[in-house]
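Analysis of the macromolecular model
Each chain, letter by letter, is given below.
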Amino acid sequence: MKKIFALALCAVMMLSVLAGCGGKQDAPADTPAQNEPAAPAETTPDAPEAGGTIGVCIYQFTDAFMTTYRNALQEILEGKGYKVTTVDGANDQAKQNEQINTFITQGVDALIINPVMTSAADQIIATVQAAGIPTVLINREPTPEQMAVYDKLVYVGCDARQSGTMQGELILDTPNKGDINGDGKVSYIMVQGDPENVDAQYRTEFSVKALVDAGMEVEELNLTRGDWMRERGQEIVANDLAQFGDQVEVVFCNNDDMAIGALQSIQAAGRKVNEDIYLVGVDALDAALNEVSNGNMTGTVLNDAVGQATAAVEQMEALLGGATFSSGNQSVYVDYVKVTPENVGDFMS
Ligand code: GAL
(Lines give C-alpha, C1' and ligand atoms only; values in the text may rest on other atoms or scores of the structure.)
Protein backbone atom coordinates (compact mmCIF):
# COMPACT_ATOMS: atom_id res chain seq x y z
CA MET A 1 0.00 0.00 0.00
CA LYS A 2 2.72 2.35 1.04
CA LYS A 3 4.62 1.46 -2.09
CA ILE A 4 1.63 2.22 -4.30
CA PHE A 5 1.25 5.59 -2.63
CA ALA A 6 4.91 6.31 -3.08
CA LEU A 7 4.77 5.38 -6.75
CA ALA A 8 1.76 7.62 -7.25
CA LEU A 9 3.54 10.43 -5.49
CA CYS A 10 6.51 9.79 -7.73
CA ALA A 11 4.38 10.13 -10.84
CA VAL A 12 2.70 13.30 -9.62
CA MET A 13 6.04 14.68 -8.72
CA MET A 14 7.54 13.97 -12.13
CA LEU A 15 4.59 15.66 -13.76
CA SER A 16 4.92 18.71 -11.60
CA VAL A 17 8.63 18.97 -12.28
CA LEU A 18 7.93 18.82 -16.00
CA ALA A 19 5.10 21.33 -15.79
CA GLY A 20 7.06 23.64 -13.56
CA CYS A 21 9.91 23.90 -16.01
CA GLY A 22 7.66 24.73 -18.93
CA GLY A 23 8.28 28.45 -18.68
CA LYS A 24 12.01 28.18 -18.94
CA GLN A 25 13.24 29.77 -22.11
CA ASP A 26 16.84 30.76 -22.18
CA ALA A 27 18.75 27.70 -21.25
CA PRO A 28 18.24 24.93 -23.75
CA ALA A 29 20.62 22.70 -21.84
CA ASP A 30 18.18 22.73 -18.95
CA THR A 31 15.55 20.56 -20.48
CA PRO A 32 12.99 19.24 -18.05
CA ALA A 33 13.99 15.72 -18.99
CA GLN A 34 17.30 16.30 -17.25
CA ASN A 35 15.64 16.77 -13.93
CA GLU A 36 16.29 13.79 -11.80
CA PRO A 37 12.94 12.61 -10.61
CA ALA A 38 12.42 11.01 -7.25
CA ALA A 39 14.68 8.31 -6.04
CA PRO A 40 12.91 4.95 -5.96
CA ALA A 41 10.10 4.74 -3.46
CA GLU A 42 12.11 2.64 -1.01
CA THR A 43 14.49 5.48 -0.38
CA THR A 44 11.79 7.91 0.72
CA PRO A 45 10.13 6.26 3.71
CA ASP A 46 9.84 9.58 5.54
CA ALA A 47 7.87 11.48 2.95
CA PRO A 48 4.86 12.79 4.83
CA GLU A 49 1.60 11.49 3.37
CA ALA A 50 -0.30 14.59 4.49
CA GLY A 51 0.77 17.64 6.38
CA GLY A 52 4.23 18.26 7.75
CA THR A 53 5.86 21.34 9.18
CA ILE A 54 7.10 24.07 6.89
CA GLY A 55 9.21 27.11 7.70
CA VAL A 56 8.87 30.11 5.41
CA CYS A 57 11.45 32.91 5.54
CA ILE A 58 10.52 36.20 3.84
CA TYR A 59 13.17 38.89 3.34
CA GLN A 60 10.92 41.73 4.52
CA PHE A 61 7.23 41.79 5.47
CA THR A 62 6.77 45.46 4.49
CA ASP A 63 7.52 44.66 0.82
CA ALA A 64 4.20 44.99 -1.01
CA PHE A 65 4.72 42.25 -3.61
CA MET A 66 6.18 39.79 -1.12
CA THR A 67 3.15 40.37 1.09
CA THR A 68 0.86 39.11 -1.67
CA TYR A 69 3.27 36.25 -2.27
CA ARG A 70 3.55 35.14 1.35
CA ASN A 71 -0.21 35.28 1.82
CA ALA A 72 -0.61 33.04 -1.22
CA LEU A 73 2.02 30.62 0.10
CA GLN A 74 0.38 30.45 3.50
CA GLU A 75 -3.04 29.82 2.01
CA ILE A 76 -1.87 27.09 -0.36
CA LEU A 77 0.22 25.31 2.27
CA GLU A 78 -2.48 25.45 4.93
CA GLY A 79 -5.06 24.34 2.39
CA LYS A 80 -2.95 21.22 1.89
CA GLY A 81 -2.79 20.54 5.61
CA TYR A 82 0.75 21.72 6.34
CA LYS A 83 1.66 23.50 9.55
CA VAL A 84 3.27 26.74 8.44
CA THR A 85 5.33 29.32 10.25
CA THR A 86 6.27 32.43 8.26
CA VAL A 87 8.93 34.78 9.62
CA ASP A 88 10.03 38.33 8.74
CA GLY A 89 13.73 38.77 7.98
CA ALA A 90 13.24 42.55 8.34
CA ASN A 91 15.77 43.03 5.52
CA ASP A 92 18.52 41.78 7.84
CA GLN A 93 20.52 38.77 6.65
CA ALA A 94 21.95 38.01 10.11
CA LYS A 95 18.43 37.88 11.49
CA GLN A 96 17.31 35.58 8.68
CA ASN A 97 20.26 33.25 9.28
CA GLU A 98 19.12 32.89 12.89
CA GLN A 99 15.58 32.21 11.75
CA ILE A 100 16.80 29.45 9.44
CA ASN A 101 18.82 27.90 12.26
CA THR A 102 15.81 28.04 14.56
CA PHE A 103 13.63 26.28 12.00
CA ILE A 104 16.30 23.59 11.61
CA THR A 105 16.53 23.10 15.37
CA GLN A 106 12.75 22.81 15.51
CA GLY A 107 12.97 20.02 12.93
CA VAL A 108 10.86 21.44 10.10
CA ASP A 109 10.27 19.06 7.18
CA ALA A 110 11.07 21.67 4.53
CA LEU A 111 12.04 25.31 4.15
CA ILE A 112 10.90 27.95 1.68
CA ILE A 113 13.35 30.85 1.73
CA ASN A 114 13.27 34.30 0.14
CA PRO A 115 16.87 35.35 0.86
CA VAL A 116 17.56 38.84 2.17
CA MET A 117 20.79 39.04 0.18
CA THR A 118 21.48 37.08 -2.97
CA SER A 119 25.13 37.22 -1.93
CA ALA A 120 24.26 35.21 1.19
CA ALA A 121 23.04 32.27 -0.91
CA ASP A 122 26.24 30.26 -0.37
CA GLN A 123 25.87 30.43 3.36
CA ILE A 124 22.16 29.68 3.33
CA ILE A 125 22.68 26.69 1.05
CA ALA A 126 25.54 25.35 3.18
CA THR A 127 23.33 25.58 6.26
CA VAL A 128 20.32 23.76 4.83
CA GLN A 129 22.57 21.20 3.18
CA ALA A 130 24.36 20.41 6.45
CA ALA A 131 20.96 19.87 8.05
CA GLY A 132 19.68 17.89 5.06
CA ILE A 133 16.53 20.00 4.82
CA PRO A 134 14.74 20.06 1.44
CA THR A 135 14.67 23.73 0.48
CA VAL A 136 12.92 25.88 -2.08
CA LEU A 137 14.50 29.29 -2.65
CA ILE A 138 12.15 31.95 -4.00
CA ASN A 139 12.21 35.44 -5.50
CA ARG A 140 15.96 36.17 -5.33
CA GLU A 141 17.78 33.89 -7.70
CA PRO A 142 21.22 32.54 -6.87
CA THR A 143 23.56 31.44 -9.65
CA PRO A 144 23.42 27.85 -10.96
CA GLU A 145 26.89 27.31 -9.49
CA GLN A 146 25.74 28.33 -6.03
CA MET A 147 22.83 25.91 -6.17
CA ALA A 148 24.77 23.03 -7.69
CA VAL A 149 26.30 21.97 -4.37
CA TYR A 150 23.00 20.69 -2.96
CA ASP A 151 20.63 18.44 -4.87
CA LYS A 152 17.67 18.87 -2.50
CA LEU A 153 17.49 22.52 -3.46
CA VAL A 154 15.42 24.23 -6.14
CA TYR A 155 14.75 27.85 -7.07
CA VAL A 156 11.28 28.99 -8.10
CA GLY A 157 10.89 32.43 -9.62
CA CYS A 158 10.62 34.29 -12.87
CA ASP A 159 13.12 35.22 -15.53
CA ALA A 160 13.50 38.92 -14.79
CA ARG A 161 14.79 39.62 -18.30
CA GLN A 162 11.30 38.88 -19.57
CA SER A 163 9.72 41.53 -17.32
CA GLY A 164 12.22 44.15 -18.46
CA THR A 165 11.59 43.36 -22.10
CA MET A 166 7.84 43.64 -21.54
CA GLN A 167 8.26 47.06 -19.92
CA GLY A 168 10.13 48.21 -23.01
CA GLU A 169 7.39 46.78 -25.22
CA LEU A 170 4.74 48.70 -23.27
CA ILE A 171 6.56 51.89 -24.25
CA LEU A 172 7.02 50.75 -27.86
CA ASP A 173 3.26 50.12 -28.01
CA THR A 174 2.48 53.81 -27.35
CA PRO A 175 1.62 56.01 -30.37
CA ASN A 176 5.04 57.73 -30.41
CA LYS A 177 7.05 54.79 -29.00
CA GLY A 178 8.03 56.90 -26.02
CA ASP A 179 9.38 59.83 -28.02
CA ILE A 180 6.71 62.28 -26.89
CA ASN A 181 8.54 65.45 -27.94
CA GLY A 182 9.57 64.03 -31.30
CA ASP A 183 13.28 64.83 -30.91
CA GLY A 184 14.26 61.37 -32.14
CA LYS A 185 15.15 59.87 -28.78
CA VAL A 186 13.40 58.47 -25.74
CA SER A 187 14.57 60.33 -22.63
CA TYR A 188 13.88 58.34 -19.50
CA ILE A 189 14.55 58.07 -15.83
CA MET A 190 15.09 54.68 -14.21
CA VAL A 191 13.90 54.00 -10.69
CA GLN A 192 15.73 50.88 -9.67
CA GLY A 193 14.92 48.27 -7.02
CA ASP A 194 17.64 46.89 -4.77
CA PRO A 195 20.55 46.60 -7.23
CA GLU A 196 21.95 43.58 -5.36
CA ASN A 197 19.02 41.66 -6.78
CA VAL A 198 18.96 40.27 -10.34
CA ASP A 199 15.36 41.39 -10.76
CA ALA A 200 16.52 44.99 -10.44
CA GLN A 201 19.57 44.45 -12.65
CA TYR A 202 17.75 42.69 -15.47
CA ARG A 203 14.67 44.92 -15.48
CA THR A 204 16.91 47.96 -15.70
CA GLU A 205 18.89 46.48 -18.55
CA PHE A 206 16.21 44.75 -20.59
CA SER A 207 13.57 47.49 -20.51
CA VAL A 208 15.98 49.83 -22.28
CA LYS A 209 17.37 47.04 -24.47
CA ALA A 210 13.88 46.44 -25.89
CA LEU A 211 13.79 50.07 -27.07
CA VAL A 212 17.27 49.93 -28.53
CA ASP A 213 16.59 46.59 -30.24
CA ALA A 214 13.55 48.20 -31.85
CA GLY A 215 15.81 50.89 -33.31
CA MET A 216 15.00 53.68 -30.85
CA GLU A 217 17.64 56.07 -29.64
CA VAL A 218 17.59 56.39 -25.86
CA GLU A 219 18.89 58.87 -23.32
CA GLU A 220 19.15 58.06 -19.64
CA LEU A 221 18.58 61.25 -17.66
CA ASN A 222 19.02 59.54 -14.31
CA LEU A 223 19.14 56.16 -12.60
CA THR A 224 18.53 55.96 -8.86
CA ARG A 225 18.03 53.05 -6.51
CA GLY A 226 14.68 53.07 -4.76
CA ASP A 227 14.96 49.66 -3.06
CA TRP A 228 11.46 48.61 -4.18
CA MET A 229 9.80 51.14 -1.83
CA ARG A 230 6.92 53.46 -2.64
CA GLU A 231 8.25 56.47 -0.68
CA ARG A 232 11.57 56.20 -2.47
CA GLY A 233 9.82 56.16 -5.84
CA GLN A 234 7.99 59.30 -4.86
CA GLU A 235 11.13 61.12 -3.69
CA ILE A 236 13.25 60.11 -6.65
CA VAL A 237 10.71 61.10 -9.27
CA ALA A 238 9.94 64.39 -7.50
CA ASN A 239 13.66 65.22 -7.63
CA ASP A 240 14.09 64.10 -11.22
CA LEU A 241 11.09 66.05 -12.44
CA ALA A 242 12.34 69.14 -10.62
CA GLN A 243 15.72 68.69 -12.28
CA PHE A 244 14.79 67.54 -15.78
CA GLY A 245 11.20 68.79 -16.18
CA ASP A 246 9.69 68.24 -19.62
CA GLN A 247 12.74 66.36 -20.83
CA VAL A 248 11.43 63.30 -18.98
CA GLU A 249 9.34 61.26 -21.39
CA VAL A 250 9.38 57.85 -19.72
CA VAL A 251 9.56 56.77 -16.09
CA PHE A 252 10.68 53.15 -15.78
CA CYS A 253 10.14 51.73 -12.31
CA ASN A 254 11.51 48.28 -11.49
CA ASN A 255 8.32 47.57 -9.54
CA ASP A 256 4.78 48.86 -9.03
CA ASP A 257 5.13 50.10 -5.49
CA MET A 258 7.79 52.57 -6.65
CA ALA A 259 5.61 53.40 -9.69
CA ILE A 260 2.70 54.30 -7.42
CA GLY A 261 5.02 56.63 -5.53
CA ALA A 262 6.26 58.00 -8.85
CA LEU A 263 2.69 58.68 -9.94
CA GLN A 264 2.10 60.86 -6.89
CA SER A 265 5.06 63.03 -7.89
CA ILE A 266 4.06 63.06 -11.56
CA GLN A 267 0.62 64.33 -10.60
CA ALA A 268 2.03 66.82 -8.09
CA ALA A 269 4.19 68.23 -10.90
CA GLY A 270 1.09 68.74 -13.03
CA ARG A 271 2.08 66.10 -15.57
CA LYS A 272 -0.40 63.70 -17.16
CA VAL A 273 0.50 60.06 -17.80
CA ASN A 274 -0.06 58.85 -21.36
CA GLU A 275 -0.25 62.49 -22.53
CA ASP A 276 3.04 64.14 -21.62
CA ILE A 277 4.84 61.30 -19.81
CA TYR A 278 4.75 57.48 -19.69
CA LEU A 279 4.97 55.35 -16.56
CA VAL A 280 5.50 51.60 -16.27
CA GLY A 281 6.04 49.20 -13.36
CA VAL A 282 6.18 45.47 -12.65
CA ASP A 283 4.15 43.22 -10.30
CA ALA A 284 0.50 44.05 -11.10
CA LEU A 285 -0.30 45.08 -7.54
CA ASP A 286 -3.99 45.93 -7.13
CA ALA A 287 -3.15 49.64 -6.84
CA ALA A 288 -1.24 49.54 -10.13
CA LEU A 289 -4.01 47.64 -11.92
CA ASN A 290 -6.39 50.41 -10.86
CA GLU A 291 -4.06 53.06 -12.22
CA VAL A 292 -3.57 51.23 -15.51
CA SER A 293 -7.30 50.98 -15.87
CA ASN A 294 -7.74 54.70 -15.02
CA GLY A 295 -5.04 55.65 -17.53
CA ASN A 296 -2.63 56.88 -14.84
CA MET A 297 -0.08 54.20 -15.60
CA THR A 298 0.93 53.19 -19.11
CA GLY A 299 1.11 49.55 -18.11
CA THR A 300 2.63 47.01 -15.78
CA VAL A 301 3.78 43.40 -15.89
CA LEU A 302 2.14 40.63 -13.90
CA ASN A 303 4.62 39.09 -11.47
CA ASP A 304 2.50 36.06 -10.73
CA ALA A 305 2.59 35.65 -6.95
CA VAL A 306 -0.04 32.91 -6.90
CA GLY A 307 1.61 31.05 -9.80
CA GLN A 308 5.00 31.22 -8.10
CA ALA A 309 3.59 30.20 -4.72
CA THR A 310 1.84 27.26 -6.38
CA ALA A 311 5.03 26.20 -8.16
CA ALA A 312 7.07 26.62 -4.97
CA VAL A 313 4.72 24.30 -3.08
CA GLU A 314 4.74 21.79 -5.96
CA GLN A 315 8.53 21.70 -5.96
CA MET A 316 8.61 21.46 -2.17
CA GLU A 317 6.33 18.45 -2.38
CA ALA A 318 8.53 16.93 -5.05
CA LEU A 319 11.53 17.33 -2.73
CA LEU A 320 9.58 15.84 0.17
CA GLY A 321 8.75 12.94 -2.11
CA GLY A 322 12.47 12.36 -2.66
CA ALA A 323 13.15 14.30 -5.85
CA THR A 324 16.63 15.61 -6.39
CA PHE A 325 17.76 18.26 -8.85
CA SER A 326 20.84 18.02 -10.99
CA SER A 327 23.27 20.87 -11.28
CA GLY A 328 22.44 23.48 -13.90
CA ASN A 329 18.82 22.44 -13.74
CA GLN A 330 17.65 23.88 -10.46
CA SER A 331 15.53 26.85 -11.55
CA VAL A 332 11.83 26.67 -12.25
CA TYR A 333 10.35 29.74 -13.94
CA VAL A 334 6.83 31.12 -14.04
CA ASP A 335 5.99 33.46 -16.92
CA TYR A 336 5.42 37.19 -16.60
CA VAL A 337 2.41 38.68 -18.44
CA LYS A 338 2.17 42.15 -19.98
CA VAL A 339 -0.70 44.22 -18.56
CA THR A 340 -2.11 46.97 -20.77
CA PRO A 341 -5.26 49.13 -20.61
CA GLU A 342 -6.80 46.62 -23.03
CA ASN A 343 -6.36 43.48 -20.93
CA VAL A 344 -6.14 44.95 -17.40
CA GLY A 345 -9.71 43.85 -16.65
CA ASP A 346 -8.59 40.23 -16.86
CA PHE A 347 -6.30 40.76 -13.87
CA MET A 348 -8.63 42.75 -11.62
CA SER A 349 -10.60 40.90 -9.01
C1 GAL B 1 10.55 41.52 -7.14
C2 GAL B 1 9.29 42.36 -7.07
C3 GAL B 1 9.54 43.54 -6.17
C4 GAL B 1 10.07 43.10 -4.84
C5 GAL B 1 11.27 42.20 -5.03
C6 GAL B 1 11.78 41.69 -3.71
O7 GAL B 1 10.33 40.38 -7.93
O8 GAL B 1 8.97 42.80 -8.36
O9 GAL B 1 8.35 44.28 -6.02
O10 GAL B 1 9.06 42.40 -4.17
O11 GAL B 1 10.93 41.12 -5.87
O12 GAL B 1 12.89 40.87 -3.90
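Each residue is numbered by its place in its chain's sequence as written, counting from 1. Residue-level local features of this predicted model are given only where pLDDT is at least 70; pairs of side-chain atoms are given and counted only at 80 or more, and the full residue set underlies all totals for whole chains, interfaces and linings. The side-chain numbers reported here are obtained from all heavy atoms of the structure, hydrogens and water having been left aside.

1. Here's the deal with the packing of aromatic side chains
Worth spelling out the cut-off: Stacked, tilted and edge-to-face are the three classes applied to pairs of Phe, Tyr and Trp rings, where Trp contributes its six-membered ring and a pair requires centres within 6.5 Å; stacked means planes under 30 degrees apart, edge-to-face means over 60, and tilted covers the rest. Helix and strand assignments follow DSSP, with helices taken as H or I runs no shorter than four residues and strands as E runs no shorter than two, numbered in order from the N terminus. Note on exposure labels: buried denotes an accessible area under 20% of the residue type's maximum, exposed denotes more than 50%, and partly exposed covers the range between, all computed with a 1.4 Å probe on protein chains only. The rule is short: NZ of Lys or CZ of Arg within 6 Å of the ring centre and within 35 degrees of the ring normal puts a charge over the ring.
All chains considered together, the criterion is met by three aromatic pairs. Here tyrosine 188 and phenylalanine 252 contribute two aromatic rings whose centre-to-centre distance is 5.6 Å and whose plane-to-plane angle is 75°, an arrangement assigned as edge-to-face. Of this pair, tyrosine 188 sits in strand 6 (residues 185-192) while phenylalanine 252 sits in strand 8 (residues 250-253); the two residues are 64 residues apart in sequence, bridging distant segments of the chain. Ring geometry for tyrosine 202 and phenylalanine 206: centres 5.7 Å apart, planes at 80°, overall edge-to-face. Of this pair, tyrosine 202 and phenylalanine 206 both sit in helix 7 (residues 198-213), four residues apart, which is roughly one turn of that helix. Residue classification places tyrosine 202 among the partly exposed positions, given a relative accessible area of 26%. A cation sits over an aromatic face here: arginine 161 above tyrosine 202, 4.8 Å from the ring centre.

2. Focus: helix 9 (residues 256-268)
Here is the rule: What a helix is expected to span follows from its residue count: subtract one and scale by 1.5 Å. The definition of a polar contact used here is a pair of N or O atoms within 3.5 Å, where within protein one atom must be able to donate a hydrogen and the other to accept one, and adjacent residues in sequence count solely through side-chain atom pairs.
When the terminal C-alpha atoms of helix 9 are compared, their 18 Å separation across 13 residues agrees well with the 18 Å that a helix rising 1.5 Å per residue should span. Within helix 9, ten of the 13 residues are buried, leaving the element largely enclosed by the surrounding structure. Considered for burial, the residues of helix 9 that qualify are Asp256, Asp257, Met258, Ala259, Ile260, Gly261, Ala262, Leu263, Ser265 and Ile266. The backbone nitrogen of methionine 258 has a side-chain oxygen 3.1 Å away, supplied by the residue at the start of helix 9, namely asparagine 255.

3. Things to note about the sheet that holds strand 6
Just so we agree on the cut-off: If DSSP finds at least two bridges between two strands, the strands pair. Axis definition: a line fit to C-alpha positions, over the contact stretch in the case of helices; interaxial angles, taken between N-to-C directions, run 0 to 180 degrees. Contacts between residues were defined by any pair of non-hydrogen atoms, one from each residue, lying within 4.5 Å.
Strand order in the open sheet formed by four strands is 7-6-8-9, and the pairing between neighbours is parallel. A strand with exactly one partner marks an edge of an open sheet, and here the two such strands are strand 7 (217-225) and strand 9 (278-280). Looking at each pair of strands side by side, their axes are set apart by 20° on average, direction ignored. Where strand 8 meets strand 9, three bridges bridge the pair, whose relative direction is parallel. Note that in strand 9 the partner of valine 251 across the bridge is leucine 279. Against the sheet, helix 8 (residues 230-244) engages strand 6, strand 7 and strand 8, with an angle of about 130° to strand 7.

4. Notes on empty space enclosed by the protein
With a probe scaled to a water molecule rolled over the atoms, the places where space remains empty come into view. Going by this rule: A pocket here means an open set of points on a 1 Å grid, computed over the protein atoms alone, that has protein on both sides within 12 Å along at least five of seven lines. A cavity is instead a set of points where a 1.4 Å probe fits but cannot get out; residues with an atom within 4 Å of a point line either one. Grid points are joined across faces, edges and corners, and a volume is the space filled by probe spheres set on the points. Gly counts as polar in this scheme, as do all residues outside two lists: the nonpolar Ala, Val, Leu, Ile, Met, Phe, Trp, Tyr, Cys and Pro, and the charged Asp, Glu, Lys and Arg.
Using the criterion set out here, one finds three cavities of 30 Å³ or more in the structure. Approximately 100 Å³ is the volume attributed to the largest cavity. Around the largest cavity sit 13 residues that line it, and Asp63, Phe65, Asn139, Asp199 and Trp228 are the ones nearest its centre. Residue assignment for the lining of the largest cavity shows that the elements contributing at least two residues are helix 2 (64-79) and helix 7. Here the lining of the largest cavity is composed, by residue class, of four nonpolar, four polar and five charged.

5. What about the nonpolar core?
Condition: Nine residue types can take part in a nonpolar core, namely buried Ala, Val, Leu, Ile, Met, Phe, Trp, Tyr and Cys, and a core is a set of them joined through side-chain atoms within 4.5 Å.
One finds Ile138, Val251, Leu279 and Met316 to be the most contacted residues of the largest nonpolar core, which totals 79 residues. Top contributing element to this core by residue count: helix 11 (residues 305-320), with eight residues. Core analysis: the next-biggest nonpolar cluster, separate from the first, contains 19 residues, Ile100, Phe103, Val108 and Leu111 among them.

6. Details of the pattern of salt bridges
When charged atoms on two side chains of opposite charge get close, those side chains can pair. To be explicit about the condition: Every case where a carboxyl oxygen of Asp or Glu lies within 4 Å of a side-chain nitrogen of Lys or Arg is listed as a salt bridge.
By the definition in use, this model includes 14 salt bridges. Taking the shortest distance from any N to any O, the salt bridge between glutamate 169 and lysine 338 comes out at 2.9 Å. With glutamate 169 in helix 6 (residues 160-172) and lysine 338 in strand 12 (residues 337-339), this residue pair connects regions lying 169 residues apart in the sequence. On the basis of relative accessibility, which here comes to 23%, the residue lysine 338 falls in the partly exposed class. A salt bridge links aspartate 246 to arginine 271, with the shortest nitrogen-to-oxygen separation between them at 3.8 Å.

Nothing here speaks to function; it is all geometry.
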